[in-house]
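This is what each chain is made of:
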Protein chains: 2
Amino acid sequence: MTNKTPNKNNVTWFNGYVSREDREKLHGHKGAVIWFTGLSASGKSTIAHLAEKALHGRGVSTYVFDGDNVRHGLCSDLGFGKKDRAENIRRIGEMIKLFVDGGLIVLTAFISPFRKDRRKVRSLLQEGQFLEVYVECPPEVCAGRDQKGIYARAKAGEIKEFTGISAPYEMPENPDLVIRSHEEDAPEAAKRIIELVQKHGLI
Amino acid sequence: MTNKTPNKNNVTWFNGYVSREDREKLHGHKGAVIWFTGLSASGKSTIAHLAEKALHGRGVSTYVFDGDNVRHGLCSDLGFGKKDRAENIRRIGEMIKLFVDGGLIVLTAFISPFRKDRRKVRSLLQEGQFLEVYVECPPEVCAGRDQKGIYARAKAGEIKEFTGISAPYEMPENPDLVIRSHEEDAPEAAKRIIELVQKHGLI
């Protein structure tokens, strides 16, 4: 498939001969992002990785993004102030847009505390390509799970702008799925992610 | 596969249950990047897209990166000065590292004029995952092909820091393949890319 669409600067964008639809056909499923949001140690990453394992087992092309593989690489120049957090999520959004165009189902595990930033990522994608999953967990439960002791350090003021302690978390208003990680275990939550993906006809 | 490797900040990196090798097995080929470098209008993008078409036809999971899908998105905040060009290539390098980890064969079509920047991208990847293709073409031939008239505008001084006119291009010292796009046509060049990919055992 070949097509040229002019962008805002009137520069033609050559989309190439292989489209997202072609890649999706090759992979046998649609491209999309499962966007997890929630406090630090709420369980986002654990659930995302378990869901990836289950999806991969069904022959789905997957990838998980989290602080580990993004904060040390693509966004290694950014800090945790509001402006840098916004730029962090902006870059992640632009990157995953390309992964989705590549026909993958990507799962992201970022605190992503601000509604505005999450909305911006959603706006980069097409209808049905962005599924928001809110991993809800009381801060005291998160703090209790925290093996690295970062909650304690944040409470002591050693870590500044820590979400849920000294920086705000804006919960999703209309998430596609809510997981209460203090009430259900991670494997159970991962199953619900698979059901969500099926419900939306992605696989 | 599960493993944890400490990074420079002694933060453990949880690699998840699905490894690059698992994704490569699913896709039936290895992950890698074919990095095209050369002057504007040398033919990088045309050849990359033709090679993608041929690879996709063989069932390979592919993606092409070029100025169109990166400069308007991930790197929309960057200009064309040396520092911004370096940051542009750095971000692209970090992003394609994740695509390669995702088990895709990616093709990139950026002028990427500086050896240092290209070397940095290579250093992010493992041996055999980065293949450099130099698309050689005399500047006067590139200028003659240029439908947008940007070479003329660069010569008139309307566009500053234009590679090959008012900004340097450092040719690769030891590329994996050289394509002389003024001597061979694009479909022929694309065939040589497939041969390169086969020679390196990627597919």
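Residues numbered from 1 in each chain as written. Chains lettered and ligands numbered in written order. Predicted model: local features only at pLDDT ≥ 70, side-chain atom pairs only at ≥ 80, totals over all residues. Heavy atoms only, no water.

Chemist: Quick question: what am I supposed to make of the sheet that holds strand 4 (residues 62-66) of chain B here?
Modeler: Hydrogen bonds between backbone atoms are what pair the strands of a sheet, whose relative direction is either parallel or antiparallel. Residues and elements named next belong to chain B. Ordered in space as 4-5-3-6-7, the five strands form an open sheet in which the pairing is parallel. The two strands at the open ends of the sheet, each matched to only one other strand, are strand 4 and strand 7 (177-180). Direction aside, the axes of adjacent strands within the sheet are offset by 20° on average. The sheet contact formed by strand 4 and strand 5 (residues 105-109) spans five bridges and is parallel. Following the sheet pairing, Phe65 is matched in strand 5 by Thr108. Packing against the sheet, helix 4 (residues 82-101) makes contact with strand 3 (32-37), strand 4 and strand 5, and its axis sits at approximately 150° to strand 3. (Pairing = 2+ DSSP bridges. Helix = DSSP H or I, 4+ residues; strand = E, 2+ residues; numbered from the N terminus. Axes fitted to C-alpha atoms, helices over the stretch in contact; angles between N-to-C directions. Contact = heavy atoms within 4.5 Å.)

Chemist: Help me understand the state of the cysteines in this model?
Modeler: Disulfide: a covalent bond formed between the sulfur atoms of two cysteine residues. The final tally for this structure, using the stated rule, is zero disulfides over all chains. Looking at B:Cys142, it has no disulfide partner, and the nearest cysteine sulfur is the one in B:Cys137, 3.7 Å off. (Disulfide = S-S within 2.5 Å.)

Chemist: Sorry if this is basic, but what is going on with the packing of aromatic side chains here?
Modeler: One pass over the full model with this rule turns up 15 aromatic pairs over all chains. With a centroid separation of 6.0 Å and an interplanar angle of 40°, the aromatic rings of A:Trp35 and A:Phe110 are classed as tilted. Taken together, the residues span a long stretch of sequence, with A:Trp35 in strand 3 (residues 32-37) and A:Phe110 in the loop between strand 5 (105-109) and helix 5 (115-124) at a distance of 75 residues. You can call A:Phe110 buried: its relative accessible area is 6%. Aromatic side chains B:Tyr134 and B:Tyr169 sit 5.9 Å apart centroid to centroid with 15° between the ring planes, which places their arrangement in the stacked category. Within this pair, whereas B:Tyr134 is found in strand 6 (residues 130-136), its partner B:Tyr169 is found in the loop between helix 7 (150-155) and strand 7, the two being separated by 35 residues in sequence. Like B:Tyr169, B:Tyr134 is buried. Members of the aromatic cluster, joined through ring pairs, are A:Tyr63, A:Phe65, A:Phe99, B:Tyr63, B:Phe65 and B:Phe99. A cation sits over an aromatic face here: B:Lys82 above B:Phe114, 4.5 Å from the ring centre. (Phe/Tyr/Trp six-rings, centres within 6.5 Å; stacked < 30°, edge-to-face > 60°. Buried < 20%, exposed > 50% of the residue type's maximum accessible area, 1.4 Å probe, protein only. Lys NZ or Arg CZ within 6 Å of the ring centre and 35° of its normal.)

Chemist: Quick question: what am I supposed to make of the relation of the copies chain B and chain A here?
Modeler: Mapping between the two copies of the chain is achieved by a rotation about an axis and a shift along the axis. If you rotate chain B by 180° and push it 0.0 Å along the axis, it lands on chain A with an RMSD of 0.0 Å. What we have between these two chains is a two-fold relation. A share of 100% of the interface residues of chain B reappears at the interface of chain A, consistent with the copies meeting face to face through the same patch. (Least-squares fit on C-alpha atoms with pLDDT ≥ 70 in both.)

Chemist: I tried to follow the packing of helix 4 (residues 82-101) of chain A against helix 5 of chain A on my own but got confused; where do I start?
Modeler: Relative orientation and spacing of two packed helices are given, respectively, by the angle between their axes and the distance between those axes. All names here are of chain A. At a minimum axis distance of 9 Å, the contact between helix 4 and helix 5 shows a crossing angle of 20°. Considering their axes alone, helix 4 and helix 5 lie roughly parallel with respect to each other. Helix 5 is crossed by helix 4, and the crossing has right-handed handedness. Residues Arg85, Ala86, Ile89, Arg90, Gly93, Glu94, Ile96 and Lys97 of helix 4 touch helix 5, and the partners they reach there are Asp117, Lys120, Val121 and Leu124. (Parallel < 35°, antiparallel > 145°, perpendicular 65-115°, else oblique. Left-handed = near helix turned anticlockwise from the far one by under 90°.)

Chemist: Looking at this structure, I do not really get the environment of B:Leu74. What am I missing?
Modeler: Within the secondary structure layout, B:Leu74 lies in the loop between helix 3 (67-71) and helix 4. Look at B:Leu74 and you get buried, because its relative accessible area is 1%. Between the alpha carbons of B:Leu74 and B:Ile179 there is a distance of 29 Å; along the sequence they are 105 residues apart. Here B:Leu74 is in contact with A:Leu74, A:Arg90, A:Arg91, A:Glu94, B:Arg91 and B:Met95, once residues within four sequence places are set aside.

Chemist: Can you walk me through the interface of chain B and chain A in this structure?
Modeler: Often, the extent of an interface is quoted as the loss of accessible area upon association of its parts. With 42 residues of chain B at the contact, the number on the chain A side is 43 residues. Summed over both sides, the interface of chain B with chain A buries roughly 3800 Å², with 64% coming from carbon and sulfur. Three residues stand out in chain B for area buried against chain A, namely B:Tyr17, B:Tyr63 and B:Leu98, and they jointly supply 15% of the buried area on that side. The interface formed by chain B and chain A includes four salt bridges. Note that B:Arg90 and A:Asp77 form a salt bridge whose closest N and O atoms lie 3.3 Å from each other. The tally of links from chain B across to chain A stands at 16 residue pairs in polar contact (both at pLDDT 80 or more). Secondary-structure elements contributing two or more residues to the side of chain B that touches chain A are strand 2 (12-14), helix 1 (20-27), helix 2 (44-57), strand 4, helix 3 and helix 4 of chain B. (Buried area = accessible area lost by both parts, 1.4 Å probe. Salt bridge = Lys/Arg side-chain N within 4 Å of Asp/Glu carboxyl O. Polar contact = N/O pair within 3.5 Å; in protein donor to acceptor, adjacent residues only side chain to side chain.)

Chemist: Sorry, what's going on with helix 5 (residues 115-124) of chain B here?
Modeler: In an α-helix there are 3.6 residues to a turn, and that puts residues three or four apart on one side. Residue and element names in this part refer to chain B. Listed in full, the buried residues belonging to helix 5 are Asp117, Arg118 and Val121. The buried residues of helix 5 occupy one face: seen down the axis, they fall within an arc of 100°. Those residues of helix 5 that are exposed and angled more than 90 degrees off the buried face are Lys116, Arg119 and Ser123. Where helix 5 is buried, its residues contact strand 3, helix 4 and strand 6. (Arc of directions from axis to C-beta.)

Chemist: What's the story with helix 2 (residues 44-57) of chain A in this structure? I'm lost.
Modeler: Residue and element names in this part refer to chain A. Spanning 14 residues, helix 2 covers 20 Å between terminal C-alpha atoms, matching the ideal 20 Å at 1.5 Å per step. Taken as a whole, helix 2 has its buried residues at Lys44, Ile47, Ala48, His49, Ala51, Glu52, Leu55 and His56. At the C-terminal side of helix 2, Gly59 shows a positive phi close to 80°. (Expected span 1.5 Å × (residues − 1).)

Chemist: Could you clarify how one ought to interpret the pairing of strand 4 (residues 62-66) of chain A in this entry?
Modeler: Regular strands have side chains that alternate between both faces of the sheet. Of all the five residues making up strand 4 of chain A, five are buried; the element is thus mostly covered by neighbouring parts of the structure. Across the two faces of strand 4 of chain A the burial is the same, with A:Thr62, A:Val64 and A:Asp66 and A:Tyr63 and A:Phe65 all buried.

Just distances and angles here, no functional claims.
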